[in-house]
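One letter stands for each residue in the lines below.
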Amino acid sequence: MALLPILQYPDARLHTVAKPVAQVDDRIRQLVKDMAETMYDAPGVGLAATQVDVHERVVVIDVSEEGNDLHVLINPEIIWHSDEGRVYEEGCLSVPGVYDKVERSAQVRVRALNEKGESYEFDADGLLAVCVQHELDHLLGKVFVEYLSNLKQDRIRTRLRKQKREAEKV
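Note that the structure is a prediction, hence the values are computed from the model and not measured.

(A) Main features of the state of the cysteines. Summed over all chains, the structure comprises 0 disulfides. This cysteine, Cys 92, is not joined by any disulfide, and Cys 131 carries the nearest cysteine sulfur, 9.8 Å off. The buried category is assigned to Cys 131, whose relative accessible area is 5%.

Structure (structure tokens):
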């Protein structure tokens, strides 16, 4: 397994729309393992392939306290969402140090393939529902800060560019 570099906002590659996985094979299974290792190491609760510059519909999520409940979502789709919304404070491994409130559906039903290529469905609410919606946005080329005002987005871009310049000086 290997740790993968995570793209940082405002990298344009984060806006690439991911393509469906044609076949769940050893390459995809290795990608899932590497993504999970990267997510746990970061540490985070979700990671989309787009964030590691692989533009295929693959997501890993683990919202458990113990880090022992990995969800693998290949070609995921939300097949139902509640009309009720909930506001959660979100963060993102691609936008380090930035947290803000985003409203999303309170509940979702998801259909995906697992790492064996088997189709399955599950219902999610709470943090898992938020995480699923957040990660599926990445597959569509959308980063959570795009839900924020233009002013907040500009401030975030400016701050992250400044951090990057300072890190490159070291």
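Moving on, there is more to tell.
(B) Geometry of the side chain of His 138. Assignment of secondary structure puts His 138 in helix H2 (residues 126-139). By relative accessible area, His 138 is classed as buried at 0%. Sequence-distant contacts of His 138, that is, excluding residues within four places in its chain, are made with Leu 14, Thr 16, Ala 48, Thr 50, Gln 51, Cys 92 and Val 143.

(C) Main features of the sheet that holds strand E3 (residues 71-81). One open sheet accounts for 5 strands, arranged E1-E2-E3-E6-E7; its pairing is antiparallel. Pairing within the sheet leaves two strands with one partner each, and these edge strands are strand E1 (46-48) and strand E7 (119-125). Strand-to-strand twist across the sheet, computed as the mean angle between neighbouring axes with direction ignored, equals 40°. Where E1 meets strand E2 (residues 58-61), 3 bridges bridge the pair, whose relative direction is antiparallel. Pairing of Gly 46 across the sheet is with Ile 61, part of E2. Lying on the sheet, helix H1 (residues 26-41) is in contact with E1, E2 and E3; it crosses E2 at an angle near 40°.

(D) Examining the side chain of Arg 157 more closely. Within the secondary structure, Arg 157 is located in helix H3 (residues 150-169). A polar contact is formed between the side chain of Arg 157 and the side chain of Tyr 9, at a distance of 2.8 Å. Only 2.5 Å separates the side chain of Arg 157 from the side chain of Asp 154, close enough to count as a polar contact.

(E) View of the environment of Leu 7. Summarising the element assignment, Leu 7 is placed in the segment before H1. Along the sequence, Leu 7 and Val 95 sit 88 residues apart, while their C-alpha atoms lie 8.9 Å from each other. Setting aside its immediate chain neighbours within four residues, Leu 7 contacts Arg 13, Leu 14, Thr 50, Gln 51, Asp 53 and Ser 94.

(F) View of H3. Helix length check: H3, at 20 residues, gives a terminal C-alpha distance of 29 Å against a target of 28 Å (1.5 Å per residue), a fit within 8%. Considered for burial, the residues of H3 that qualify are Gln 153, Ile 156, Arg 157 and Leu 160. Buried residues along H3 cover an arc of 100° about the axis, so they all sit on one side. For H3, the exposed residues lying more than 90 degrees away from the buried face are Leu 151, Arg 155, Thr 158 and Lys 169. Where H3 is buried, its residues touch strand E5 (95-105).

(G) Seen up close, the pairing of E5. One ladder, built from 7 bridges, connects strand E4 (residues 85-92) with E5; its direction is antiparallel. If you follow Arg 86 over to E5, its bridge partner there is Arg 104. A loop of 2 residues connects E4 with E5, the two strands running antiparallel in sequence.

(H) Representation of the nonpolar core. Counting 16 residues, the largest nonpolar core has Val 59, Ile 61, Leu 73, Phe 122 and Val 132 as the members making the most contacts within it. Those elements that provide at least two residues to this core are E2, strand E6 (107-113), E7 and H2. Not counting chain neighbours up to four residues away, the residues in contact with Ile 61 comprise Met 39, Val 45, Gly 46, Asp 69, Leu 70, His 71, Leu 73, Leu 128, Cys 131, Val 132 and Glu 135. Core analysis: the next-biggest nonpolar cluster, separate from the first, contains 14 residues, Val 24, Leu 31, Met 39 and Ile 74 among them.

Reading the values: the criteria
- Residues numbered from 1 in each chain as written.
- Predicted model: local features only at pLDDT ≥ 70, side-chain atom pairs only at ≥ 80, totals over all residues.
- Heavy atoms only, no water.
- Disulfide = S-S within 2.5 Å.
- Buried < 20%, exposed > 50% of the residue type's maximum accessible area, 1.4 Å probe, protein only.
- Helix = DSSP H or I, 4+ residues; strand = E, 2+ residues; numbered from the N terminus.
- Contact = heavy atoms within 4.5 Å.
- Pairing = 2+ DSSP bridges.
- Axes fitted to C-alpha atoms, helices over the stretch in contact; angles between N-to-C directions.
- Polar contact = N/O pair within 3.5 Å; in protein donor to acceptor, adjacent residues only side chain to side chain.
- Expected span 1.5 Å × (residues − 1).
- Arc of directions from axis to C-beta.
- Core = buried A, V, L, I, M, F, W, Y, C linked by side-chain atoms within 4.5 Å.

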